[in-house]
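Listed below are the residues making up each chain.
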Amino acid sequence: MTATKSSLDAPGYRCFYCGGALDPDAVDTMQRVVGWGRKHAVGSRRAVSTNIEARELRNEFAHDNCVRRIKRGIAPAQEALL
Ligand SMILES: [Zn+2]
């Protein structure tokens, strides 16, 4: 097990996408959640409101804005170049 870059040991959380600092207690801070959804629903374009079962929280965080950009198909780093 390598203990490099544990986000919990870092002095302040970093955004997964832009690398910027963020406040883990802020109401709009996003945390990565993984889980399971029904295959036919997850694969469809209308998977936005699909129920996710057996959710697991990951130690990955992001800005609300960065996640919204990802949903629009724009990488935050890419937008910075525009
Ligand atoms: Zn960000």
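1. Description of the overall build of the protein
Point 1. Assigned secondary structure in the protein consists of three helices and four strands.
Point 2. Considering only intrachain contacts with a sequence separation of at least 6, the fraction spanning at least 24 residues in the protein is 53%.

2. A look at unusual backbone geometry
Point 1. At Ala-54, a position not held by glycine, the phi torsion is positive, near 50 degrees.
Point 2. For Ala-54, the location among the structural elements is in strand 4 (residues 53–62).
Point 3. For Ala-54, a count of 8 C-beta atoms within 10 Å puts it in the exposed group.

3. A word on the environment of Trp-36
Point 1. For Trp-36, the position within the fold is in strand 3 (residues 30–36).
Point 2. Once the C-alpha coordinates of Trp-36 and Ala-54 are considered, the two residues, 18 residues apart in sequence, prove to be 6.3 Å apart.

4. Observations regarding the environment of Glu-53
Point 1. Within the secondary structure layout, Glu-53 lies in strand 4.
Point 2. When neighbours within four sequence positions are excluded, Glu-53 is seen to be in contact with Gly-35, Trp-36 and Gly-37.

Rules behind the numbers
Residues numbered from 1 in each chain as written. Predicted model: local features only at pLDDT ≥ 70, side-chain atom pairs only at ≥ 80, totals over all residues. Helix = DSSP H or I, 4+ residues; strand = E, 2+ residues; numbered from the N terminus. Contact = placed C-beta atoms within 7 Å. Buried ≥ 20, exposed ≤ 12 C-beta atoms within 10 Å, placed from the backbone.

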